[in-house]
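Secondary and tertiary structure notes
Below are the chains, spelled out letter by letter.
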Amino acid sequence: MTRPQVVIVTGVSVYLLGMAFACGMAVERIRFDQRRTSMLDRYNDTIREWHEFRMLTERQAMRYPSDGTGEQTAP
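A short tour of the structure in this document, coming up.

1. Section: the overall build of the protein
Counting secondary structure elements, the protein contains 1 helix and 0 strands. Summed over all atoms, the accessible surface of the protein reaches about 7200 Å², with 63% contributed by carbon and sulfur.

In structure tokens:
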């Protein structure tokens, strides 16, 4: 091969190697984001359930205050 052909082949090889590296990084980032998203969705669901539980107990506490009589107050 002549010198210009070697330079062209080397340049194309470096370009393809760089593109493969960049694509690999992009794919890994997408996979990481998918795992992270699923984990954050589960976390948000758990937080939402906890808040619903706390709101329910607060509503019940307002309906049945602990004044010692055990009777329901009028709304």
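2. So, the pattern of salt bridges
Within this structure, the stated rule accounts for 3 salt bridges. One salt bridge in this structure joins Glu28 and Arg35, with 4.0 Å as the shortest N-O distance. Among the ionic pairs, Asp45 bridges to Arg48, the shortest N-O distance being 3.0 Å. A residue pair is termed a helical-turn pair when its members lie 3 or 4 positions apart in one helix, as Asp45 and Arg48 do in helix α1 (residues 3-63) at 3 residues. Residue classification places Asp45 among the partly exposed residues on the basis of a relative accessible area of 38%.

Definitions and limits used
- Residues numbered from 1 in each chain as written.
- Predicted model: local features only at pLDDT ≥ 70, side-chain atom pairs only at ≥ 80, totals over all residues.
- Heavy atoms only, no water.
- Helix = DSSP H or I, 4+ residues; strand = E, 2+ residues; numbered from the N terminus.
- Areas by Shrake-Rupley, 256 points an atom, 1.4 Å probe, with all protein chains shown as cover.
- Salt bridge = Lys/Arg side-chain N within 4 Å of Asp/Glu carboxyl O.
- Buried < 20%, exposed > 50% of the residue type's maximum accessible area, 1.4 Å probe, protein only.

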